[in-house]
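# Summary of structural features
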Amino acid sequence: MTDDFERRHGFPPGVNEVRRADSADRAAARTLARDSLVPADLVTFYDSIGEVAWADVGNGCFLDPAADVLLRFKHYGTVDVGAGQKDRGLVIGSNGGGLSYVASPGGMIHRTRTASLDEPELDRVADDLRQFLELLEGSLTRFVTNGDPGCL
């Protein structure tokens, strides 16, 4: 993916990695789980994966470390996941172009329509984390194959 990146773009590639979880990641995930802030499958994910950073897939694709998710929650609280819904979600990452990914306690993953989280409009992009990760994998595959990351 990054073999001829610098030649094509004129600057070196960014960080493109899936980082293993460390003890700090797992501790933050346990705190999120204890307070019932994220779905169980995300806690399981954070037990193995510390973060996903694909800076060069389209605008980028990022699943934040659990510690960052927890810190953002402490500073900014939760995000309303839709009009008339009582669920409040947490921002777990972004597409690198200003849109955020929000996980609801029920497990659905949403994406903001704009960069603002004050009164966000959200679209459901996946029914659960597994489906979301499959969509991310498809984005990476499409990007490597034809340079188009798709809709995420």
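Above this text you will find the structure in question.
Residues numbered from 1 in each chain as written. Predicted model: local features only at pLDDT ≥ 70, side-chain atom pairs only at ≥ 80, totals over all residues. Heavy atoms only, no water.

### A closer look at the overall build of the protein
Worth spelling out the cut-off: Put simply, DSSP H or I for four residues or longer makes a helix, DSSP E for two residues or longer makes a strand, and each gets a number counted from the N terminus. This radius of gyration counts C-alpha atoms alone. The globule rule is 2.2 Å times how many residues there are, raised to the power 0.38. Throughout, a residue-residue contact means that at least one pair of heavy atoms, one from each residue, lies within 4.5 Å. Exposure was quantified through the Shrake-Rupley algorithm and a 1.4 Å probe, taking into account, for residues, occlusion by the shown protein chains and nothing else. Note on charges: Lys and Arg go in the positive column, Asp and Glu in the negative column, and His and the chain ends are not counted at all. Charge positions come from single atoms, namely NZ of Lys, CZ of Arg, CG of Asp or CD of Glu.
A count of helices and strands for the protein gives five helices and eight strands. For 152 residues, the compact-globule estimate of 2.2 N^0.38 gives 15 Å, and the C-alpha radius of gyration of the protein, at 15 Å, lies within 12% of that figure. Overall, the protein is about 45 × 35 × 25 Å in size when its C-alpha atoms are taken along their principal axes. Within the protein, counting contacts between residues at least 6 apart in sequence, those at least 24 apart form 44% of the total. Surface summary for the protein: the accessible area is close to 8400 Å², and the carbon and sulfur share equals 48%. Of the side-chain charges in the protein, 16 are positive and 24 negative, and the distance between the mean point of each set is 3 Å.

### Structural notes on the pairing of strand 5 (residues 88-94)
Our working rule: Accessible area is worked out with a 1.4 Å probe on protein chains only. A residue is then buried under 20% of its type maximum, exposed over 50%, and partly exposed in between. Note on pairing: two strands pair once DSSP finds at least 2 bridges between them.
With five of its seven residues buried, strand 5 lies for the most part within the structure. Judged from the two bridges that link them, strand 3 (residues 61-63) and strand 5 form a sheet pairing that is antiparallel. Note on strand 5: the bridge partner recorded for L63 is G93. In the sheet, strand 4 (residues 79-80) pairs with strand 5 via two bridges, with the strands oriented antiparallel. Counted as the bridge partner of V79 is G89 from strand 5.

### As for the nonpolar core
Note the threshold: To qualify as a nonpolar core, a set must consist of buried Ala, Val, Leu, Ile, Met, Phe, Trp, Tyr and Cys residues joined through side-chain atoms within 4.5 Å.
Counting 29 residues, the largest nonpolar core has L32, L42, Y46, I92, I109 and F132 as the members making the most contacts within it. Residues V79, V81, V91 and V102 belong to the second largest nonpolar core, which totals five residues.

### Comments concerning the packing of helix 2 (residues 23-34) against helix 4 (residues 66-76)
Where we set the bar: Note on method: axes are straight lines fitted to C-alpha atoms, helices fitted across the in-contact stretch only, with angles between N-to-C directions ranging 0 to 180 degrees. These descriptions rest on fixed angle ranges, namely under 35 degrees for roughly parallel, over 145 for roughly antiparallel, 65 to 115 for roughly perpendicular, and the rest for oblique. Handedness of a crossing follows from how the near helix is turned relative to the far one, being left-handed for an anticlockwise turn of less than a right angle and right-handed for a clockwise one. Classes in brief: Ala, Val, Leu, Ile, Met, Phe, Trp, Tyr, Cys and Pro nonpolar; Asp, Glu, Lys and Arg charged; the others, Gly included, polar.
Two numbers describe how helix 2 lies on helix 4: the axes approach to 7 Å, and their chain directions differ by 45 degrees. One finds that helix 2 runs oblique with respect to helix 4. By crossing handedness, the relation of helix 2 to helix 4 is classed as left-handed. From helix 2, D25, A28, A29, T31 and L32 reach across to helix 4, where they touch A66, A67, V69 and L70. Classifying every residue of the contact of helix 2 with helix 4 by side-chain character gives seven nonpolar, one polar and one charged.

### Describing the packing of helix 2 against helix 3 (residues 40-48)
At a minimum axis distance of 8 Å, the contact between helix 2 and helix 3 shows a crossing angle of 170 degrees. Accordingly, the angle class assigned to the pair helix 2 and helix 3 is roughly antiparallel. The residues of helix 3 that touch helix 2, namely those facing D25, R26, A29 and A33, are V43, Y46 and D47. Partitioning the contact of helix 2 with helix 3 into residue classes produces four nonpolar, no polar and three charged.

### Remarks on the packing of aromatic side chains
Worth spelling out the cut-off: Here is the rule: rings of Phe, Tyr and Trp (six-membered ring for Trp) pair when centre to centre is within 6.5 Å. Planes less than 30 degrees apart are stacked, more than 60 are edge-to-face, and the remainder are tilted.
What the rule picks out here adds up to two aromatic pairs. Aromatic side chains F45 and Y46 sit 5.6 Å apart centroid to centroid with 65 degrees between the ring planes, which places their arrangement in the edge-to-face category. Accessibility expressed as a relative area gives 1% for Y46, which makes it buried. Between Y101 and F132, the ring centres sit 4.9 Å apart and the planes meet at 65 degrees, which makes this aromatic pair edge-to-face. Here Y101, found in strand 6 (residues 100-103), pairs with F132, found in helix 5 (residues 129-146); they are 31 residues apart in sequence, far enough to count as distant. This pair shows no difference in class: Y101 is buried, exactly as F132 is.

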